[in-house]
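Tertiary structure, described
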Amino acid sequence: MRCDQTAAWKALQAHADTFKSFDLRSAFEQDPQRVSRLSVSAPHVLADLSKNHTDPVTEALLIELARQTGLAAHRDAMFRGEPINNTENRAVMHWLLRQPEATQSGELVAPLQQVHDTLEPMLAFAEQVRADAQITDVVNIGIGGSDLGPQMAVLALHDFVTPGKRFHFVSNVDGHELAGVLQGLKAEKTLFLIASKTFTTLDTMTNARSALAWFRAQGGTDVARHFAALTTNVAAANEFGITTTFGFWDWVGGRYSLWSAIGLPVAMAIGAQGFRDLLAGAHAMDQHFQSAPLEANLPVRMGLLDVWYRNFMHYTSRSIAPYHSALRRVPAYLQQLEMESNGKRVDRNGHALPYDTAPVLWGEPGTNGQHAYFQMLHQGTDVVPVEFIAVKKPTHSLKDHHELLLANVIAQAQALMLGQADQGGHKHFPGNRPSTFLLLDELTPASLGALIALQEHRVFVSGSIWGINSFDQWGVELGKVLAKDIHARIVTGNMSGLDASTAALLNKVR
Ligand code: F6P
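Criteria and thresholds
- Note on numbering: residues in each chain are counted from 1, in written sequence order.
- The predicted origin of the model limits local features to residues at a pLDDT of at least 70 and limits the giving and counting of side-chain atom pairs to 80 or more, whereas totals for whole chains, interfaces and linings rest on all residues.
- Water and hydrogen atoms play no part in the side-chain values, which are based on all heavy atoms of the structure.
- We call a residue near a molecule or strand as soon as one heavy atom of that residue lies within 4 Å of the molecule or strand.
- Under this definition, polar contacts are N or O atom pairs within 3.5 Å; protein pairs additionally need one hydrogen-donor-capable and one acceptor-capable atom, and for neighbouring residues in sequence, both atoms have to be side-chain atoms.
- Reported accessibility uses the Shrake-Rupley method at a 1.4 Å probe radius. Residues are deemed covered only where the shown protein chains occlude them.
- Charged residues are taken to be Asp, Glu, Lys and Arg, nonpolar residues to be Ala, Val, Leu, Ile, Met, Phe, Trp, Tyr, Cys and Pro, and polar residues to be all remaining types, Gly included.
- Residue ranges assigned to the domains are those given by an automatic or database domain assignment.
- Fitting a line to C-alpha atoms yields each axis, with helices limited to the stretch in contact; the angle taken between N-to-C directions then spans 0 to 180 degrees.
- Helical segments are the DSSP runs of H or I of at least four residues, strand segments are the runs of E of at least two, and each set is numbered from the N terminus.
- These descriptions rest on fixed angle ranges, namely under 35 degrees for roughly parallel, over 145 for roughly antiparallel, 65 to 115 for roughly perpendicular, and the rest for oblique.
- For any pair of crossing helices, the crossing counts as left-handed if the nearer helix is rotated counterclockwise from the farther one by less than a right angle, and right-handed if it is rotated clockwise.
- Whether two residues are in contact is decided by their heavy atoms: any pair within 4.5 Å suffices.
- Throughout this description, buried means an accessible area under 20% of the type-specific maximum (1.4 Å probe, protein chains only), exposed means over 50%, and partly exposed covers the range between.
- Any two strands are treated as partners once DSSP identifies two or more bridges connecting them.
- The path from the first strand over the helix to the second decides the hand: if it runs clockwise while the strands point away from the viewer, the crossover is right-handed.
- Take a side-chain nitrogen of Lys or Arg and a carboxyl oxygen of Asp or Glu: if they are within 4 Å of each other, that pair is a salt bridge.
- In this scheme, patches are assembled from residues that exceed 30% relative accessible area and form no salt bridge. Like charges are connected within 9 Å, while nonpolar side chains (Val, Leu, Ile, Met, Phe, Trp, Tyr) are connected within 5 Å.
- Summed over both partners, the accessible area lost on bringing two parts together, with a 1.4 Å probe, is the buried area.
- Side-chain atoms within 4.5 Å link the members of a nonpolar core, which is a set of buried Ala, Val, Leu, Ile, Met, Phe, Trp, Tyr and Cys residues.

The local shell around the ligand holds 14 residues, among which Ser 146, Ser 196, Lys 197, Thr 198 and Thr 201 are the closest. A distance of 2.6 Å is found between an oxygen atom of the ligand and a side-chain nitrogen or oxygen belonging to Thr 198. Residue Thr 201 places a side-chain N or O atom 2.5 Å away from an oxygen atom belonging to the ligand. Protein contacts shield 89% of the accessible area of the ligand, which totals 400 Å² for the unbound molecule. For the shell around the ligand, a count of residues per class yields 2 nonpolar, 9 polar and 3 charged. Looking at the shell around the ligand, you find at least three residues from each of domain 1 (3-16 + 27-89 + 277-473) and domain 2 (106-269).

Rendered as structure tokens:
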């Protein structure tokens, strides 16, 4: 049943009306159990949800909403490999990429076998390149899911990266990016990874062609040694001239592809065992998502909170604040994950929805954000739920830094909640501003895997409640088609049939 037609939705609406006077400070005073009630443990991640705008009635009604919309059945359909990506008639099985061998039965035995038959050579290749002192630079050319996941993970796992190799990520069709990277490289010391699920993406193909031309112009001849393709479209990669290929399957969405061959740069950076640990951490979160009761299921609780905030509290955005500089690309990664998955205005059958879906996600690592836009979070007119991510143990030994960092992240959550009274106005902090606090013990391949799988599943949960297909992305297509047309017009100068504004801009850039 569509979420807004359920009894739980209507009850949540009525509850939200009475919720206007909710205040976090009184909620804590009235309920000494609030912290323990709203602390949820999942593999590698402890979540403190207590500073959110919910009370026991909200929490119970949200679980009811999950029941009435059939969330568990939908989740189980995904884990059975059913084609829940209905607009493309595809299964959604990124989770299978992190399953240990021989854990499936029935129809999933064959795909799981393929996963491991591909993973082993990929990891062997990663180790071979790691041992190859002649290769000093690895350049990943890819965009969207073929860039953000591996880039985010290589940065996040910096402490696990074996020294001796530099990793570069080129995504933008803007030639300044590729030109800047190529400037410092030598053809005989460089390995290019052309990462593209479809092997048709204009940005990536343009960069790949230029990289190949540069390689040849530098005197490079051994393309098989210096270029590898990571793609579901091996035939297109071969046609392009690349014979070293690592494949994956159409049931892996681009923004869910970190765990596939698209993760090759990560495996090269942290080694085969590190990559296996990343997969194992994500798998542990998959198991939690599949088996924990809804009330104790962290992706479920977070996804339901997202629905409450969007549809009942009408918050339009969420700010991501990772208090660990290595997690600096996590906000960008999550933007694609959530906004490309759930930024939809129609249901699975294409019918327009009368309620809001994905919020805007944005953020920067703390403490940087504190000295930039946190002013607005504390005293602006909009309420923006903040998601803090903190790591208990540092890997550096610099004195005082980590205590100060942790003090800052905790203080920010506290300040948002408590606020500060001031008669004069300017120094008044209203407080009662919501936040979630995610705590990892350490930042390791396994804990990163769990954190990312948690985010994937929470996006699944809100998308499922909203009744949308979280696994297609038709909204990116129109721009691609129009760019082709405009590119031709830039070349030819033909303005016929164009709207006045576009024609004027074209004339200016020609
Ligand atoms: O244009 C959007 C998109 O299709 C994303 O969904 C995807 O991650 C990205 O482009 C890159 O696609 P590909 O890996 O096929 O080059």
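This part covers the packing of helix H14 (residues 330-342) against helix H17 (residues 445-466). Look at H14 against H17: their axes get within 10 Å of each other, and the N-to-C directions meet at 20°. As summarised for this structure, H14 and H17 are arranged roughly parallel, according to the angle between their axes. You can see that H14 and H17 cross each other, and the crossing is right-handed. Residues Tyr 333, Leu 334, Leu 337, Glu 338, Ser 341 and Asn 342 of H14 touch H17, and the partners they reach there are Ile 452, Gln 455, Glu 456, Arg 458, Val 459, Ser 462, Gly 463 and Trp 466.

In terms of residue burial, strand S4 (residues 166-170) counts as a mostly covered element, since 4 of its 5 residues are buried. Here strand S3 (residues 137-141) runs beside S4; their pairing, made up of 5 bridges, is parallel. Bridging from a neighbouring strand, Asp 137 pairs with Arg 166 of S4. Read as a crossover between parallel neighbours, the route from S3 over helix H7 (residues 148-156) to S4 is right-handed.

Moving on, we come to the pattern of salt bridges. In total, this model carries 30 salt bridges according to the counting rule given. Its salt-bridge partner being Asp 23, residue Arg 25 comes within 2.9 Å of it at the nearest N-O pair. Between Glu 59 and Arg 37 there is a salt bridge, with its nearest N and O atoms 2.5 Å apart. Residue Glu 59 is located in helix H4 (residues 56-68), and its partner Arg 37 is located in helix H3 (residues 34-37); the two are separated by 22 residues in the primary sequence. For Glu 59, a relative accessible area of 14% translates into the label buried.

Pairing in this open sheet of 6 strands is mixed, and the strands run S1-S2-S11-S10-S8-S9 from one edge to the other. The open sheet terminates on both sides in strands that have one partner only, identified here as strand S1 (39-42) and strand S9 (360-363). When the angles between neighbouring strand axes are averaged without regard to direction, this sheet yields 20°. As paired strands, strand S2 (residues 45-48) and strand S11 (residues 435-440) are joined by 4 bridges and run antiparallel to one another.

Our focus in this paragraph is a nonpolar patch on the surface. Among the surface-exposed residues, Leu 478, Val 481 and Leu 482 lie close enough to one another that they form a single nonpolar patch of about 300 Å² accessible area. Following the sequence through the fold, Leu 478 ends up in helix H18 (residues 477-492).

Spatially, the 5 strands line up as an open sheet ordered S4-S3-S5-S6-S7, and their pairing is parallel. Edge positions in the sheet fall to S4 and strand S7 (245-247), since each has one partner strand and no second. Strand-to-strand twist across the sheet, computed as the mean angle between neighbouring axes with direction ignored, equals 20°. Across the sheet, helix H8 (residues 175-183) lies against S3, S4 and strand S5 (190-195), angled at about 160° from S4, the strand it touches most.

Entries for the chain in the domain assignment read domain 1 (3-16 + 27-89 + 277-473), domain 2 (106-269) and domain 3 (475-509). With centres defined by C-alpha atoms, the gap from domain 1 to domain 2 works out at 31 Å. Interface area lost by domain 1 to domain 2 is led by Arg 329, Tyr 333 and Gln 336, which between them contribute 27%. In this assembly, domain 1 and domain 2 are joined by 1 salt bridge. Residue Glu 340 pairs with Arg 255 through a salt bridge whose shortest N-O separation is 2.8 Å. Where the side of domain 1 that touches domain 2 is concerned, the elements lending two or more residues are helix H12 (264-291), H14 and H17. Across the side of domain 1 that touches domain 2, the residue classes tally to 17 nonpolar, 8 polar and 7 charged.

Grouped together as the largest cluster of nonpolar side chains are 121 residues, with contacts concentrated most on Met 268, Trp 308 and Leu 448. Looking at this core, the element that brings in the most residues is H12, giving 13 residues. Setting aside anything within four residues of it in sequence, one finds Met 268 in contact with Phe 125, Ala 126, Val 129, Arg 130, Val 138, Phe 167, Leu 191 and Leu 193. In terms of nonpolar packing, the next biggest core, distinct from the first, is built from 24 residues, Val 181, Phe 215, Val 223 and Phe 240 among them.

In contact at an axis separation of 8 Å, helix H13 (residues 298-312) and H17 are set at 50° when each is read in the N-to-C sense. In terms of axis orientation, H13 runs oblique to H17. In this structure, H13 crosses over H17, and the sense of that crossing is right-handed. Contact residues: H13 offers Leu 298, Pro 299, Val 300, Met 302, Gly 303, Leu 304, Asp 306, Val 307, Arg 310 and Asn 311, while H17 offers Leu 454, His 457, Arg 458, Val 461, Ser 462, Ile 465 and Trp 466. Along the lines of polarity and charge, the residues of the contact of H13 with H17 split into 10 nonpolar, 4 polar and 3 charged.

The omega angle of the peptide bond from Gly 366 to Thr 367 is 10°, so this bond is cis rather than trans. Here the phi dihedral of Asn 89 falls at roughly 50°; this positive angle occurs in a residue that is not glycine. As for its position among the elements, Asn 89 is in the loop between helix H5 (71-79) and helix H6 (109-131). The class of Asn 89 is exposed, set by a relative accessible area of 60%. A positive phi angle, near 60°, is found at His 314, a position not held by glycine. Mapping His 314 onto the fold places it in the loop between H13 and strand S8 (317-323).

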